[in-house]
Amino acid sequence: MSAPGHPASVVAVALVVLATVLVGGFGLRISRTTSDFYVASRTVRPRLNAAAISGEYLSAASFLGIAGLVLVHGPDMLWYPVGYTAGYLVLLVFVAAPLRRSGAYTLPDFAEGRLESRQVRRLVSVFVVGAGWVYLVPQLQGAGLTLKILTGAPGWLGDVLVASVVVIAVAAGGMRSITFVQVFQYWLKLTALLVPAIFLVLAWQGDGRPRVTFDEQISVFRADHPLYATYGLIIATFLGTMGLPHVVVRFYTSPNGRDARRTTVAVLALVGLFYLLPPVYGALGRLYAPDFMHGGDADAAVLLLPARVIGGLGGDLLGALLAGGAFAAFLSTASGLTMAVAGVITQDVLPSRGVRHFRLATVLAIAVPLAGSLLVSRVPVADAVGMAFAVSASSFCPLLVLGIWWRRLTPPGAIAGLLLGGGSALLSVAITVSGAVRPPGWPHALLAWPAVWSVPVGFLAMILVSLATPGRIPPGTNAAMTRFHLPEALAAGRVR
């Protein structure tokens, strides 16, 4: 671990926090209705929505974690950015437009509207909250790590700072507010990675272009069963994206299904552009910061590379830009997740659905993961986020795909799939994080990368139990399926 960073880094973080609060305050000025708070009155156009989705999706795992994994484990870790991006292709083909046409506010709304079951709604609510909390913990821990590197402050301070700013931004203006926050933060994150990368590559060229080798690779559990781990990662990231609560909720803000598809195409471009950059930091880290391979803080390499490679005032300023971008990553993703979880808590836990209760739910949504981030030992951020993807892929992916495309899905089938698929993945994540089963060996590999078996279990349970309960098909199924798949112009009677 390097010494605390230059004061410019602290100033950059402070400016990002201040800008987040100010931009969120702008959203507050135009958030007047309940619909504004939950779905920005469904008026967010594709380009703005795509930047907002990209802003909240590119989390600590993307900004710091991928570079750290490439540094430590080598180019095999490029499956992370590939999977994170390709997940939107699956979402585009199967989910985006029908989900928007469902007219729902949240995933539990979709589940109840499709299956006409309060039981399914309550169970989906539990999984939305659980997946959101699992995803929030590494965002908060990453913030703690960053602030500790920059200032030498206690690790908990960054966790608390991000949680506090998120509560202010989300509770103030809801979806309207965080839409503007996340658009601003996407472009900040892209700039924060791109500008230092250009200077780092120029410095590498000036150094005679030394060759980057990955002959030495630190092996964790992947050493036991690397092929299985790779498939677990691919399945989790490809299929988990469509069910991430903070991603799904943004599609409800599109004016119609056609705009939802256009938004997804734009997200593919924006996310793909961003993911060209973290591997550059991982590769250069092999040359200029090899000590991070063994120090346990590989995620910090991105922040400290400019000081190592360039040095002087230029290195300090580029490091400050990266620090600001990293905090933007924590804030934007944490804001989106908190918004999604708070929406579910407001509608399914608290007795009233008013704006006042939404603000109370915001505090509850961030308080539990904050406590978890302070109590649970650090897991590399990309690994921790991968676990959240596995839970999403095992529960929400079967529910959305079968709910949208298969008429014979029944409430008992959905419940069985959620419990067996999503429940087993969530339990596996809990056991892995607790350290109860340690590598090497198959038990740890199966629990750390559950998507290989938990996703098929979720799909099979939903299909088999639904086939065994044909009398439980909801009476409104045909109407719901027509609403999902009929173009908006036909549905509104505008096409003759």
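Values in this document were obtained by computation on a predicted structure and should not be read as measured data.

Topic: the overall build of the protein
So, step 1. When you go through the protein residue by residue, the secondary structure sums to 23 helices and zero strands.
So, step 2. Across the 496 residues of the protein, 59% fall into the buried class.
So, step 3. By sequence separation, contacts in the protein at least 24 residues apart represent 86% of the contacts at least 6 residues apart.
So, step 4. Total accessible area on the protein stands at roughly 18100 Å², and carbon and sulfur atoms take up 68% of it.

Section: the nonpolar core
So, step 1. Core analysis: the largest hydrophobic core is formed by 146 residues, its most contacted members being Tyr57, Phe63, Tyr84, Val124, Val162, Tyr281 and Phe327.
So, step 2. Here this core takes 16 residues from helix H16 (residues 312-348), the largest share from any one element.
So, step 3. The residues touching phenylalanine 63, leaving out its near neighbours within four places in the chain, are Lys189, Ala192, Leu193, Phe274, Val302, Leu322, Gly325, Ala326 and Ala329.

Some remarks on the pattern of salt bridges
So, step 1. What the rule picks out here adds up to five salt bridges.
So, step 2. One salt bridge in this structure joins aspartate 109 and arginine 121, with 2.7 Å as the shortest N-O distance. With aspartate 109 in helix H7 (residues 107-115) and arginine 121 in helix H8 (residues 118-151), this pair connects stretches of sequence that are 12 residues apart.
So, step 3. When the shortest N-O distance is used, the salt bridge between arginine 121 and glutamate 112 registers 2.8 Å.
So, step 4. A single salt-bridge network, built from bridges that share partners, covers Asp109, Glu112, Arg118 and Arg121.

As for helix H12 (residues 257-274)
Residues three or four positions apart in an α-helix share a direction because the helix packs 3.6 residues into each turn.
So, step 1. End to end, H12 covers 26 Å across 18 residues, agreeing with the expected 26 Å (1.5 Å per residue, within 8%).
So, step 2. Within the sequence span of H12, burial applies to Gly257, Asp259, Ala260, Thr263, Thr264, Val267, Leu270, Val271 and Phe274. Down the axis of H12, the smallest arc covering the buried residues is 140 degrees, so these residues share one side. Along H12, exposed side chains directed more than 90 degrees from the buried face belong to Arg258 and Ala269.

Things to note about empty space enclosed by the protein
So, step 1. Across all of its chains, the model carries one cavity of 30 Å³ or more by this definition.
So, step 2. Considering only enclosed or pocket space, the largest cavity measures out at about 50 Å³ in volume.
So, step 3. For the largest cavity, the full set of lining residues is Thr106, Leu107, Pro108, Val128, Pro245, Val248, Val249, Tyr252, Ala340 and Val344.
So, step 4. Sorting the residues of the lining of the largest cavity by element identifies H7, helix H11 (245-251) and H16 as the ones contributing at least two each.
So, step 5. The greatest single-element share of the lining of the largest cavity, amounting to three residues, is contributed by H11.
So, step 6. Of the residues in the lining of the largest cavity, the class split is nine nonpolar, one polar and no charged.

What to know about a nonpolar patch on the surface
So, step 1. Together, Trp156, Leu157, Leu374, Leu375 and Val376 give the surface a local cluster of nonpolar side chains, amounting to about 490 Å² of exposed area.
So, step 2. Along the chain, the position of tryptophan 156 falls in helix H9 (residues 155-206).
So, step 3. According to the relative accessible area criterion, tryptophan 156 is partly exposed, its value standing at 48%.

Concerning the packing of helix H5 (residues 79-94) against helix H10 (residues 226-240)
So, step 1. One way to put it is that H5 packs onto H10 with a least axis distance of 7 Å and a crossing angle of 35 degrees. Where H5 crosses over H10, the two elements pack in a sense that is right-handed. Of H10, the residues touching H5 (which contributes Trp79, Tyr80, Val82, Gly83, Tyr84, Ala86, Gly87 and Val90) are Thr230, Leu233, Ile234, Thr237, Phe238 and Leu239.
So, step 2. Looking at the contact of H5 with H10, its residues break down into 10 nonpolar, four polar and no charged.

Considerations on unusual backbone geometry
Among all residues except glycine, the phi angle is most often negative; among peptide bonds, the trans geometry is most common.
So, step 1. Backbone geometry places glutamate 116, a non-glycine residue, at a positive phi of 50 degrees.
So, step 2. Relative to the elements of secondary structure, glutamate 116 occurs in the loop between H7 and H8.
So, step 3. Unusually for a residue other than glycine, arginine 209 sits at a positive phi of about 50 degrees.
So, step 4. Inspection of the secondary structure assignment puts arginine 209 in the loop between H9 and H10.

Conventions and cut-offs
Residues numbered from 1 in each chain as written. Predicted model: local features only at pLDDT ≥ 70, side-chain atom pairs only at ≥ 80, totals over all residues. Heavy atoms only, no water. Helix = DSSP H or I, 4+ residues; strand = E, 2+ residues; numbered from the N terminus. Buried < 20%, exposed > 50% of the residue type's maximum accessible area, 1.4 Å probe, protein only. Contact = heavy atoms within 4.5 Å. Areas by Shrake-Rupley, 256 points an atom, 1.4 Å probe, with all protein chains shown as cover. Core = buried A, V, L, I, M, F, W, Y, C linked by side-chain atoms within 4.5 Å. Salt bridge = Lys/Arg side-chain N within 4 Å of Asp/Glu carboxyl O. Expected span 1.5 Å × (residues − 1). Arc of directions from axis to C-beta. 1 Å grid on protein atoms, 1.4 Å probe; cavity = no way out; pocket = protein on both sides within 12 Å on 5 of 7 lines; lining within 4 Å. Points joined across faces, edges and corners; volume = space filled by probe spheres on them. Nonpolar A, V, L, I, M, F, W, Y, C, P; charged D, E, K, R; others polar. Patch = residues over 30% accessible without salt bridge, like charges linked within 9 Å, V, L, I, M, F, W, Y side chains within 5 Å. Axes fitted to C-alpha atoms, helices over the stretch in contact; angles between N-to-C directions. Left-handed = near helix turned anticlockwise from the far one by under 90°.

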